[in-house]
Structure formats: C-alpha cells, structure tokens
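Overview (structure and organization)
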Amino acid sequence: MQPVLNACVFIIDDDAIVRDAMAWLLRSRRLMSESFESADAFERMLSDKFPGTNATVPTEAGCILLDVRMPGQSGLALFETLIGNGLAHTWPVIFLSGHADVPTAVDSVKRGAFDFCEKPFSDNALVDRVEQALALSQERLALRLQSAGLVTRLEELTERERDVMRLVVEGLPNKLIASQLDISVRTVEVHRSRVFEKMDVKSAVELANLLREIQS
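Residues numbered from 1 in each chain as written. Predicted model: local features only at pLDDT ≥ 70, side-chain atom pairs only at ≥ 80, totals over all residues. Heavy atoms only, no water.

1. As for helix α8 (residues 174–181)
The condition is simple: For each residue, the accessible area found with a 1.4 Å probe, counting protein chains only, is set against the maximum for its type, and the residue is called buried under 20%, exposed over 50%, and partly exposed in between. Runs of E in the DSSP output that reach at least two residues are strands. Runs of H or I that reach at least four are helices, and both are numbered from the N terminus. What the arc covers is the set of directions going from the helix axis to the C-beta atoms. Every residue pair with non-hydrogen atoms within 4.5 Å of one another is taken to be in contact.
Within the span of α8, buried status applies to Asn-174, Ile-177, Ala-178 and Leu-181. Looking straight down α8, one finds that the buried residues subtend no more than 100° of arc, so they occupy a single side. Residues of α8 that are exposed and point more than 90 degrees away from the buried face comprise Lys-175, Ser-179 and Gln-180. Where α8 is buried, its residues meet α7 (159–169) and α9 (185–199).

Shown next as structure tokens:
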C-alpha cells in the first residue's frame, strides 16, 4: 500500500519508550508521526491547531494511536471527546491495550474505534492497520470536501430555482411544475436548465442522486 501523502499518525502514550519505538517503526515505513505523553497534551495541540471552533475540521489525513490507560485523562475518556467533536470519524482511532483492557477496547471498536492492538503487538500488523486507517481518513476527507462543494452549489440557487428543483426531483413534468408554481412552461424550462447547469448534472435522476449524497 502506497503511503497517504501529508498524513500524520498521532501517538498518544505515557510511556516514552513506546512512543519512540512506534515513531521509529512508522518512519521505517515512510509515515510521519507526532507524539504526545498524555491525552491533555494532545488536546492542547488540537486547541492550537483549530482555535476558536466548536469542532475540529482537519484538511489532511491522519489516524490516532491511543493508549487505553494513562495517568490523568484516560484514552477512553479522550475517545469520548473525539467522538463528540467528530474527529474520531475523520482521524480513525486505533487503541493500544494490555490484555486486561481487551473487553473495553472491543466495546470501543463497536462504538466507532477503527481497531485495537493488544500489547505486545506485531510491528508489521500494526503498521498495516495504520496505513489502512490513513487510507480511510483520506477517503472520508475527500467525501467531506465533495459534500461541501455540493452545498456551495445549492446555496447558489435562487429561491425559484430551488422550487423548480424540488418538483423536478419529485418527478413532475414541466407542465405540472408550471401549474403548481403558477409560471409558464417556458420559465420552468429556463429554471430547470439553470439548476442542471449550477448543480453540474444532466438529468433529473442524476440530480436526485446528488441531493441524496448531501443528505447522507
């Protein structure tokens, strides 16, 4: 698997030896990383990186290697925060857990974590999962950017164009649309053409599918 460009792996573990070992392992596979000794240190980085926002909005792919048990705020508590602000979706979380933490980690996977690796873990298996998580992050970022572009196009529609679009998507022919909106058929045709042009579609079916993407 080719490395995802400009991606970063965030290592959060209170053990400096573990952090250094994982950073070295990732470098050996041409993966960039940043290390944090605590959940609080990671949150401070997020505050600096995304100042003045209620939700973190990354523009680059990433994933998080998160130790379950740490002094102070636990990895599980941080995970709850990452679920709440949406970052656990954009930057998939891989838990690093001891044997006693496995049931808890499995439950976290069910709640949205990407995976968990039990210590001691296989180096190759861990990096393989990291690369898969980064690929997923990149895919999700691309979809988010695509959705943002669609929303921008929607905002460019006039109120009348929105009215026509809604009825076009419902499958109504131009004559019925004209009757419902009390406008001429020719005016409907003009608005319909502009909607298709602004939304970059060629048919009502394509338009309906596009709107479903925005709503999903």
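That covers the picture; the talk isn't over yet.
2. A closer look at the nonpolar core
For clarity, the threshold we go by: To form a nonpolar core, buried Ala, Val, Leu, Ile, Met, Phe, Trp, Tyr and Cys residues must be joined to one another through side-chain atoms within 4.5 Å.
One finds Phe-42, Ile-64, Leu-66 and Leu-82 to be the most contacted residues of the largest nonpolar core, which totals 23 residues. Where this core is concerned, the elements lending two or more residues are β1 (8–12), α2 (39–49), β3 (62–67), α3 (75–84), α4 (87–90) and β4 (93–97). One finds Ile-11, Cys-63, Ala-133 and Leu-141 within the second-largest nonpolar core, a separate group that totals 21 residues.

3. Concerning the pairing of β3
On a regular strand, one side chain projects to one face of the sheet and the next to the other, so that they alternate. Convention followed: Any two strands with at least two DSSP-identified bridges between them are counted as paired.
Burial runs high along β3: six of the six residues are buried. By the alternation rule, side chains of β3 split into Gly-62, Ile-64 and Leu-66 and Cys-63, Leu-65 and Asp-67, which are all buried. Two strands pair when backbone bridges link them, and β1 and β3 are joined in this way by five bridges, in the parallel orientation. Bridge pairing in β3 links Ile-11 to Leu-65. Relative to β4, β3 is paired through four bridges, and the arrangement is parallel. Its bridge partner lying in β4, Asp-67 is registered against Leu-96.

4. Some details on the packing of aromatic side chains
Formally: Paired rings are identified among Phe, Tyr and Trp, the last through its six-membered ring, by centres lying within 6.5 Å, and are further divided according to the angle between planes into stacked (under 30 degrees), edge-to-face (over 60) and tilted (the rest).
Throughout the structure, instances matching the rule amount to five aromatic pairs. Each ring, one from Phe-10 and one from Phe-36, has its centre 6.4 Å from the other, and the planes form 35°; the classification is tilted. Residue Phe-10 is found in strand β1, and its partner Phe-36 is found in strand β2 (residues 32–36); the two are separated by 26 residues along the sequence. Judged by its relative accessible area of 3%, Phe-10 falls in the buried class. Arranged with centres 5.3 Å apart and planes meeting at 80°, the rings of Phe-36 and Phe-42 form a pair that is edge-to-face. A relative accessible area of 9% means that Phe-36 is categorised as buried. Three or more aromatic residues joined by ring pairs form one cluster here, namely Phe-10, Phe-36, Phe-42 and Trp-91.

5. Comments concerning the sheet that holds β3
What counts here: For helices, the fitted axis covers only the stretch in contact; all axes are lines through C-alpha atoms, and the angles between them, taken along N-to-C directions, range from 0 to 180 degrees.
In spatial order, the strands read β2-β1-β3-β4-β5; together these five strands make up an open sheet with parallel pairing. This sheet does not close on itself; its edge strands, each paired only once, are β2 and β5 (115–118). Adjacent strand axes in the sheet meet at a mean angle of 20°, parallel and antiparallel pairs treated alike. Sheet topology note: the β1/β2 ladder contains five bridges and is parallel. By the bridge assignment for β2, Val-9 is matched with Ser-33. The strands touched by helix α6 (residues 123–155) are β1, β3, β4 and β5; relative to β3, the strand with the most contacts, the crossing angle is about 135°.

6. What about the pattern of salt bridges?
How we decide: Put simply, a salt bridge is a Lys or Arg side-chain nitrogen that is within 4 Å of an Asp or Glu carboxyl oxygen.
If you walk through the whole model with that rule in mind, you get seven salt bridges. One salt-bridge network, in which partners are shared between bridges, spans Arg-29, Asp-128 and Glu-131.

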